[in-house]
Structures are given as structure tokens and as C-alpha cells.
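A structural walkthrough
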Amino acid sequence: MSLYTAYLKEIETRKEQGLNPKPIEDDALTREVISQIKDTKNQHREESLKYFIYNTLPGTTSAAGEKAKFLKEIILGEAVVEEISMSFAFELLSHMKGGPSIEVLLDLALGDDQAIGKQAADVLKTQFFLYDADMARLKTAFEAGNSVARDVLESYAKAEFFTKLPDVEEEIKVVTYIAAEGDISTDLLSPGNQAHSRSDRELHGKCFISKEAQDEIQELQRQHPDKRVMLIAEKGTMGVGSSRMSGVNNVALWTGKQASPYVPFVNFAPIVAGTNGISPIFLTTVGVTGGIGIDLKNWVKKLDSEGQAILNNDGNPILEQKYSVETGTVLTINTKDKKLFNNAGDEELADVASSFSPQKVEFMKAGGSYAIVFGKKLQTFAAETLGIELKSAFAPSREIQHEGQGLTAVEKIFNANAVGVRPGAILHAGSDVRVKVNIVGSQDTTGLMTSQELEAMAATVLSPTIDGAYQSGCHTASVWDFKAQENTPKLMAFMHKFGLITARDPKDVYHSMTDVIHKVLNDITVDDWAIIIGGDSHTRMSKGVAFGADSGTVALALATGEATMPIPESVKVTFKGTMADHMDFRDVVHATQAQMLKQFGDNVFQGRIIEVHIGTLLADQAFTFTDWTAEMKAKASICISEDETLVESLEIAKSRIQIMINKGMENDNKMLHGLIAIAEKRIAEIKSGEKPALTPDDNAKYFAEVVVDLDEINEPMIADPDVNNADVSKRYTHDTIRPISYYQAEKKVDLGFVGSCMVHKGDVKIVAQMLRNLEKENGSVEFKAPLVVAAPTYNIIDELKEEGDWTVLQKYSGFEFNDAAPKVEARTEYENILYLERPGCSLCMGNQEKAAKGDTVLATSTRLFEGRVVEDSKDKKGESLLASTPVVVLSAILGRTPTMEEYRASVKGIDLTKFAPPLQKPGNTKSAHF
């Protein structure tokens, strides 16, 4: 069967699903399509022509290479296709976004035929995805006296590829659609359980919100053909939880504009809004697509005569509505005045200036942030090559400097890594900065999208300025089903070739590693001054400053070694008091959020950096805090460590990187060896006193300062999704933190889960030690609810086996993972036993393994969103409550939440977290976590 026949068969299958033909990315299939176009009598010629023009992916896909080559033949007259004239061939090349198309355009522009050369040059002037090899060809031709090369460079020096684009319209009419009330997780826009389909944009679009919502949006579009649909989180924040490009892609697919008539299912310019604005990570992703994100502020606190918030019976502020945005409301966005008006335009509803900064307007004009990043580089290159002064066509970066004011930790990192900043400039929060990125992580459920973005921007190799880059396999580790078998090897092969360290070896030389990506990134971050970008909201390292990002921003970082963003404000978190021996550090994390809300009323962490002064906690355990900051809606977190602690963390990181080398994971560029060298250099700097561990200046300025009183933490705490709260906007947030006594030992627990990125070796040791304790006390241990344990990494399991803990776990397990025969189907029913699952995200991801519908799950993970870990049944809402490892283990054994007496007895003799503020080493640091 030919590839084309197989393609037709696939088309029929998709038609049954209500889908269009899948875009072509394969070169062999494209060659077959081209041969049928050339054969004027071929029965498939007409449809082949359609697929070639409208359904072949651009960029650096192998299909794009064949398409560009054939279009070149048509332009040169070497092939004649009646339906594709020379001018149409040039138009098709102009929509192919770099890579092979740029190579062809340069061939034609610098060729002997002057008429063709001029047309090719005119198209080149509109392009911006040029890489070093492309620019080198232009420079060589210019230096040889080529007039076409000069003409193109002069256009680039003026940035005409940007300046000649139409400006953003002054007035944008929108019609509102309330997607949900309360915080909207990206799971609503792009469900984790549909992660396998993200690279198939049309198919993935079918899971957007619901079929009913899709129909309602389309009906609004029919009723208002001259307006754009604005998707709204009423009484909440839009896009919390994850950084998914697929979520924004889905919003754009249903409500945005088509990017090109010749590229299917790639839309841009979505408009999203929230009563409490947009999640920082999600807003970055909106910028990638040239969209608009609006903070509506349409619900405000009701105040008394003295200006104080009026509280309800639960102690929460009563909100009142300033203006309505109910579904179907027509509003006007004035981009010039930066105001939101009513339909008539005579009543101002909100100031939206933050949505239309000069930089964001540029993204909107250019159709996305990539065009600006590449455009700036291209204009600079052209001016330098021509030997003329650079007159930037782009908005100048905002530089904010406060004379005499010190720097926070994040301000120091951004200043140290800034690119293109005027000499001597010291920048404070709010400044726009291009920064060098040191470490980049790509995860597996978004990785195929990242590879597509890399192909779309014509990138073929990892930026040489990147210190470390890793492609994980953890989000699809639970089940080796047909979707994983189809997607994972393809992804790993692409990323391995691109230059990343990959969890799975495309040649199967080393054992497939499903280690949790954040744990690996935490280990390969070997400098506390590093900037890390990762394709997951939990990219929150305990060294350096890490930002979770969408697949597009990850691709941009991999290709360019840079990122652009404002320097965020910081909130300082310090501790006082004494930590009780029976408390776990996870309880300190929960208490931080609870005490912050008590101190300030509002979430001062949202959109800011949390600078946490942990000092004496090693990287693994400090990560427990930074990881949780994603749920606090913080943009990122920085740990302030003492010198001795940081050196010890770096030594641990070195040993783990060496293990990766020993397992055969090193790549051709010796990236892992390079990371060890960086760690050794940093250790030497700290020990010599040349460059101590990162600390803020004494006179740094913070947005707020939170002091956590450890004396107030005397019982375990649980983050409760509060699924039955009368106010739906209060459900499924991480702000409801309750002490264990609240449940009076009556809360039934159907499933316990110890795993995800929030645990490390110490947590799994605690499971073993608790089993020993309970066995000694009762003679045996009987589970009244299933307990699923998924260690984050294989290294942890290896160490647990050496130390004897794994044997204890095996004794009580009714299931132990087997890499030689991995599960091919997700588990849907559980027995009351211990399950030892494969390292990876497991239940936390929700795309493969799930709890039974309607279950109440107590977990160490971070996700309590509706439907993520557990879905609702017909009779009962699913609940995902979050707690420390000891609480989860004991609750699974009891089948309910424990009393304080039961809890204390179960952890007796277990040396839990030793943490003592201020920055001084506690007398005994040998806890289970160390």
C-alpha cells in the first residue's frame, strides 16, 4: 500500500470522527503527492494539489523541504503546474516560515535571473525566521557586491518586515463568553487526560471545555460576525495551574483568527479575560500567539463606611459587581486609550493599560512574540553588516532604576544574565530584560508541540549558549499504551537529534528513564545564579530562578538560548519560632499560604517571585517549597541558602549527573560533563569566598514581606478543594488550608497517593518507616484504602534498595512495576493494597492513571483541580485533598483522616524535617529527608 493510499485511509477514519485530513509533515508522502500533481492524468491529482497547497506543514518539517523544492522548480520553469503560477508559488513560499523556504528564496534572490531575483527579494523582505547560515549567505553576497543582497539588507535594517504590517485596530468589538465561574484551570481548556492529542490541533480542539460550550461559542460567532469572542473566568483567574500552549491554541482555534490560509488549524490572537486577571504563565503564552489578556476587576470587595472589607459568615470578603460581563455582552476595547468600554462606547468600565504595553502591542501587531524576538536580531544584524547606525523599529525596553535601592535575589540574577543592556545599567523590578537562559526542560506531553514550534521557527540545533537541556518521559510513564508507543519514541528521536539529553535513548542503548522532569532539572541546575525555563508550571528549582513556560517559549529558549520578560516583583518569606518534631515540612508550605492570606487578605504571591529564606535545607527538600509556589499563583520562587548548604546541594547534584553519565545518557556535546564542570567551579567560588551563595541586598525593596510563625504549626494541614462550597468560585482553589482536626477523624479516604514532584527520597523512606512502626505496634499492617506510591526517580529506588527500605515496601505491595513488561492499560479499579508504581508523575498528571470516579483522594501531589486526579461520579464529587506523606500513608491505612493522637503515634521515632530559622544550621540535620 502506498503512503498516499494509507493517507486516504486515515482521512476516512478521521472523517468518521468529524475531523479533516491530518496536516502532512512527512517528506516521502509529500513526494508522492507531488508526483501525482505532475501526472496530469492521475486520478488523485486534484485532491493532491489541494493537500500540497493547503495541508502541508511549513517550517523545517521534512514535508516543507519537499514543498519548497517543488515551488522552486515551478518558479524556474523546470516544472509546470497550471494551477500554481510563479507569483502564487512565491506567495506559498512566503507562508512557509523559514527553513527550506528561506534557502530557496535566497537561491532565487542571489541567482542569475534578475526578474526572479527581484521577486524573491520582495518575499524575503517580509520574512524574519533567518538563522546564522541564512544571514551568512546574505552577508557574503553583499560583501561580493550583490545589489539584491544590499536591497534586502537595507529593508531588514529598517525592519520593514514589521513596520509594514497593519497596526492593531484602534477599536475591537468583543462579545463575552463565561467559560466558568471561579479560577479556570488550563485543564478546562486542554485536559491532561487528552495530552496524547496535543500535537494534532484539530483533534485536541474537540476536548476544549465541552461540546456544549463549543456550540455556544459558534452560535455567538454567528450572531456577531463582526465581533471577537472574549473568553472569561468570572470571579476568578484565567489559566491557572499549567503553562499549556495547547490551552491557548484551543482558545485561539475556537475564538481567534487563522494565521495563514495555507496552514490548517493554526490560529492566533485569542482574547481572554478574568475578574482577577490572567495567570502569569498563561499570559506569557497568550503573548506568544499575539493575543490579548485582560484583568476585568468587575467584582470588588464590598466596603463599610470606614473603607474596611465586609466579611461573610466564613470570614471571606463579600464581593459586589461593578459591571456585568454575562455571556453575550458586547463590549468595546479601545487599544489607543487602553480602556474597556460598554457597547456604545460612552461608559468606561475598566482601565486595561497593562494589557497594552508597547511590547504587548508589538506582539499583537506581529502576530506573536517570536516575530519580535527574531525581528530584533535580524535588524541588528542588517545594520551591523551595512555598517550603519541601528535605529530600532521596536519599542525600547523599559529600564527602571531606583538610585540607592538594593537588589532582590531575582533582580541580581536578571542583571547578571541580561543581554543587550546598556553598560553599567542596574535594573529593578518592572524592567523589560532579554536574559540568557542556562537550563531548559521539555516534558513529554507538550514535547511534540515544542518540536512542532521548533520546526515552525526553522530551528534545527540547540543554542550553543545553553548549559543543559533535558527531554523527559515522566508525564506518560504510568502506562505504555499505544498513544505513548506512537508519540514518545518520535519525540525522543527529534530532541536527541536537536541536542538535548533525552530520558529515552532513540537507539535503546540505555534504560528508559521516566524520572520526574522537575527532579532532573533540579539536579542539573548547578548554579544559584542560573535562569531555568521548563515546559511545565512546576519548573520551580531550589537553585537559581525557574519559570514554567508554554511549549513555544521552551522552543524559543532551546533555539536562541534567551528569554524576554519583565523583572518580577518579589515577596520576601522568612520564618520565626521553632518547628515541632512531629511536623513535616509540607505543613510549613501549607502554613505559609494560610498565614499569608491571614496577614494580607489577598494573595500577595500572585504573579510575583517568592524569595524564601530557607537557608539550611538541602536542594531536594527546599524544592518542596518552590514546587508548591506554582499553586500559590506565584510567577517563580528563589531559595536563599547558606554557603555550606548550597555546596552540599551542588555535591549531590554532581553525583546524580555522574549517575546519568554512567547510565549512558551523555550526548555528543558532552553536556553532562560540562554541567559537572560548572558545579565544580561554583563550589570553588563559594569555598574561597570569591562569590558566596546568592543573597539579596540589605536595602532591597519588596512588594510585601511574609513572616511565617512556626510556633503556630502544631498539627498537619490539608489543602482542600472544598468541592461543596456554596460559592463556586471558592471551589478547587489552593487557598482553603485546614488543620487535620477540622475533619474530626471522620473524613473517609478512598485512595492515598504518595508521589509526584512534591516528594523525594525522604518521603518514600517515611512510608517504609511508618510501615515498620505500625507493624511493630500491631503485628501487621492492613490497608483500608489503596496506597499508590510512585518514587520520582530511579536513583531513589536504587538507593532505597541499598538501604533496605524497598524490601519493606515490597513486603506490603500487591503490585510492583516491571519495566520489562510495563502496563499497557490504565488502572481503573483499586484493591486495598500498596501499589509500587513506575517513577514518574503517575496519578498527579491525570492523563493515564486516575482514581475511581467519585473517590476522595488524599495525595502528596499538587493538583486538586476538578477532574484532574479524580473525576466526579453520578452520585458524588471527586475530591483530591493534599497533605504530607505521613498523613497520606496513615489515612490509607485507616481509611479515613486520623486523629492527632493516631498521627503522633505513627511518626514516633521518625526524624522528620529539621528546619530552624534564621540561617543557622540546626544541631541535628540527619532526618529522613537527608
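Everything below is about the structure shown above.
Just so we're clear, the structure is a prediction, and the values are computed from it rather than from any experiment.

Quick notes on the rules
Residues numbered from 1 in each chain as written. Predicted model: local features only at pLDDT ≥ 70, side-chain atom pairs only at ≥ 80, totals over all residues. Heavy atoms only, no water. Helix = DSSP H or I, 4+ residues; strand = E, 2+ residues; numbered from the N terminus. Rg over C-alpha atoms; globule rule 2.2 N^0.38 Å. Buried < 20%, exposed > 50% of the residue type's maximum accessible area, 1.4 Å probe, protein only. Areas by Shrake-Rupley, 256 points an atom, 1.4 Å probe, with all protein chains shown as cover. Lys, Arg positive; Asp, Glu negative; His and termini not counted. Charge placed at Lys NZ, Arg CZ, Asp CG, Glu CD. Pairing = 2+ DSSP bridges. Core = buried A, V, L, I, M, F, W, Y, C linked by side-chain atoms within 4.5 Å. Contact = heavy atoms within 4.5 Å. Phe/Tyr/Trp six-rings, centres within 6.5 Å; stacked < 30°, edge-to-face > 60°. Axes fitted to C-alpha atoms, helices over the stretch in contact; angles between N-to-C directions. Parallel < 35°, antiparallel > 145°, perpendicular 65-115°, else oblique. Left-handed = near helix turned anticlockwise from the far one by under 90°. Nonpolar A, V, L, I, M, F, W, Y, C, P; charged D, E, K, R; others polar. Salt bridge = Lys/Arg side-chain N within 4 Å of Asp/Glu carboxyl O. Expected span 1.5 Å × (residues − 1). Disulfide = S-S within 2.5 Å.

1. Re the overall build of the chain
Scanning the chain for helices and strands turns up 31 helices and 33 strands. Over its C-alpha atoms the chain spans a radius of gyration of 28 Å, differing by no more than 12% from the 30 Å that the globule rule assigns to 930 residues. Across its three principal directions, the C-alpha atoms of the chain cover 90 × 70 × 65 Å. For the chain, with 930 residues in total, the buried portion stands at 61%. Split by element, the accessible area of the chain, about 35900 Å² in all, is 48% carbon and sulfur. Taken together, the 100 basic and 132 acidic charged side chains of the chain have centroids lying 1 Å from each other.

2. Considerations on unusual backbone geometry
Phi is positive for Lys338, which is not a glycine, with a value near 60°. Within the secondary structure, Lys338 is located in the loop between strand S11 (330–334) and strand S12 (339–342). Note on Lys338: relative accessible area 26%, which makes it partly exposed. Look at Asp722: it is not a glycine, yet its phi comes out positive at around 50°. Among the secondary structure elements, Asp722 is positioned in the loop between strand S26 (717–719) and strand S27 (737–739).

3. Some words on the pairing of strand S1 (residues 171–181)
The side chains of a regular strand alternate between the sheet's two faces. Note that S1 and S11 share five bridges and pair antiparallel. By the bridge assignment for S11, Ile172 is matched with Ile333. Here seven bridges tie S1 to strand S3 (residues 228–234), and the two strands are oriented parallel to one another. Across the sheet, Thr176 pairs through a bridge with Met230, a residue of S3.

4. A word on the nonpolar core
With 193 residues, the main nonpolar core has Ile84, Met457, Tyr470, Val545, Leu771 and Leu787 as its most contacted residues. Ranked by residues supplied to this core, first place goes to helix H17 (residues 369–386) with eight residues. Those residues in contact with Val545 that sit more than four places away from it in its chain are Val410, Ile413, Phe414, Ala530, Ile531, Ile532, Ile609, Ala636, Ser637 and Ile638. The next biggest cluster of nonpolar side chains, apart from the first, holds 49 residues, and it includes Met579, Phe605, Ala622 and Ala851.

5. Observations regarding the packing of aromatic side chains
Evaluation of the coordinates by the stated rule reveals 17 aromatic pairs. With centroids separated by 5.5 Å and ring planes inclined at 80°, the aromatic side chains of Tyr7 and Tyr51 adopt a geometry described as edge-to-face. In this pair, Tyr7 is assigned in helix H1 (residues 3–16) and Tyr51 in helix H3 (residues 45–54), connecting sequence segments 44 residues apart. Across this residue pair, the class does not change: Tyr7 and Tyr51 are buried. Ring plane angle 45° and centroid distance 6.3 Å describe the contact between Phe815 and Tyr835, whose orientation is recorded as tilted. Linking Phe815 in strand S30 (residues 813–816) with Tyr835 in strand S31 (residues 834–837), this pair joins segments that are 20 residues apart in sequence. On the accessibility criterion, Phe815 (23% relative accessible area) is partly exposed. Classification of Tyr835 by relative accessible area gives buried; the value is 4%. Three or more aromatic residues joined by ring pairs make a cluster, and in this case those are Phe128, Phe129, Tyr131 and Phe374.

6. Brief notes about the packing of helix H9 (residues 147–157) against H17
One way to put it is that H9 packs onto H17 with a least axis distance of 7 Å and a crossing angle of 125°. Accordingly, the angle class assigned to the pair H9 and H17 is oblique. As H9 runs across H17, the sense of the crossing is left-handed. Taking contact as the criterion, the partners of Arg150, Leu153, Glu154, Tyr156 and Ala157 in H9 are, on H17, Leu378, Gln379, Phe381, Ala382, Ala383, Thr385 and Leu386. Residue composition of the contact of H9 with H17, grouped by class: eight nonpolar, two polar and two charged.

7. As for the sheet that holds strand S21 (residues 562–566)
Taken in spatial order, the three strands line up as S14-S15-S21 in an open sheet, and their pairing is antiparallel. A single partner strand is all that each edge strand has here, and the edge strands are strand S14 (418–419) and S21. Here S14 runs beside strand S15 (residues 432–436); their pairing, made up of two bridges, is antiparallel. Its bridge partner being in S15, Val419 is matched across the sheet by Arg434.

8. Comments concerning the sheet that holds strand S19 (residues 531–534)
Spatially, five strands are ordered S18-S17-S16-S19-S20 in an open sheet, and the strand pairing comes out parallel. Strands at the two margins of the open sheet, each flanked by one partner only, are strand S18 (501–502) and strand S20 (545–548). Lying over the sheet, helix H18 (residues 409–417) contacts S19 and S20, oriented at roughly 85° with respect to S20.

9. Quick notes on the pattern of salt bridges
Tallied over the entire structure, the rule returns 65 salt bridges. Among the ionic pairs, Lys811 bridges to Glu775, the shortest N-O distance being 2.4 Å. Here Lys811, found in helix H29 (residues 805–812), pairs with Glu775, found in helix H27 (residues 761–778); they are 36 residues apart in sequence, far enough to count as distant. Residue classification places Lys811 among the exposed positions, given a relative accessible area of 56%. Linking Lys823 and Glu849 is a salt bridge whose minimum nitrogen-to-oxygen distance equals 2.9 Å. Of this pair, Lys823 sits in the loop between S30 and S31 while Glu849 sits in the loop between S31 and strand S32 (856–859), and the two are 26 residues apart along the sequence. On the accessibility criterion, Lys823 (17% relative accessible area) is buried. Through salt bridges with shared partners, one network takes in Lys761, Lys765, Arg772, Glu799, Glu803 and Asp805.

10. Considerations on the pairing of S21
Burial along S21 is one-sided: Ala563 and Met565 are buried, while Glu562, Thr564 and Pro566, pointing the other way, are not. The pairing of S15 with S21 spans five bridges and is classified as antiparallel. Counted as the bridge partner of Val433 is Met565 from S21.

11. What about helix H20 (residues 482–498)?
An α-helix turns once every 3.6 residues. As a result, residues three or four positions apart point the same way. Taking 1.5 Å of rise per residue, 17 residues should cover 24 Å, and H20 covers 25 Å from first to last C-alpha, within 8% of that figure. For H20, every residue scored as buried is listed here: Ala484, Asn487, Thr488, Leu491, Met492, Met495 and Phe498. Where H20 is buried, its residues touch strand S16 (439–442), helix H19 (444–456), strand S17 (468–471), S18 and helix H22 (551–560). Just downstream of H20, Gly499 is the residue with a positive phi angle, here 125°.

12. Examining helix H25 (residues 643–662)
Counted at 1.5 Å a residue, the expected span for H25 with its 20 residues is 28 Å, and the 29 Å between its end C-alpha atoms agrees. Residues Thr645, Leu646, Val647, Ser649, Leu650, Ala653, Lys654, Arg656, Ile657, Met660 and Ile661 constitute the buried set of H25. Of the residues one or two after H25, Gly664 is the one with positive phi, at around 95°.

13. Concerning the state of the cysteines
Summed over the entire model, instances satisfying the criterion amount to zero disulfides. Of the cysteine sulfurs around Cys639, a residue in no disulfide, the closest is that of Cys757, at 14 Å. Residue Cys639 is classed as buried on the basis of its relative accessible area, which comes to 8%. Here Cys841 stays free of any disulfide, with the sulfur of Cys474 as its closest cysteine sulfur at 3.8 Å. With relative accessibility at 9%, the residue Cys841 sits in the buried group.

14. Considerations on the packing of H1 against helix H2 (residues 27–38)
Packing of H1 against H2 leaves a shortest axis separation of 9 Å and a crossing angle of 100°. Taken together, H1 and H2 sit at an angle that is classed as roughly perpendicular. Here Leu3, Tyr4 and Tyr7 of H1 lie close against H2, whose contacting residues are Ala28, Leu29, Glu32, Val33 and Gln36. Looking at side-chain class alone, the contact of H1 with H2 contains six nonpolar, one polar and one charged residues.

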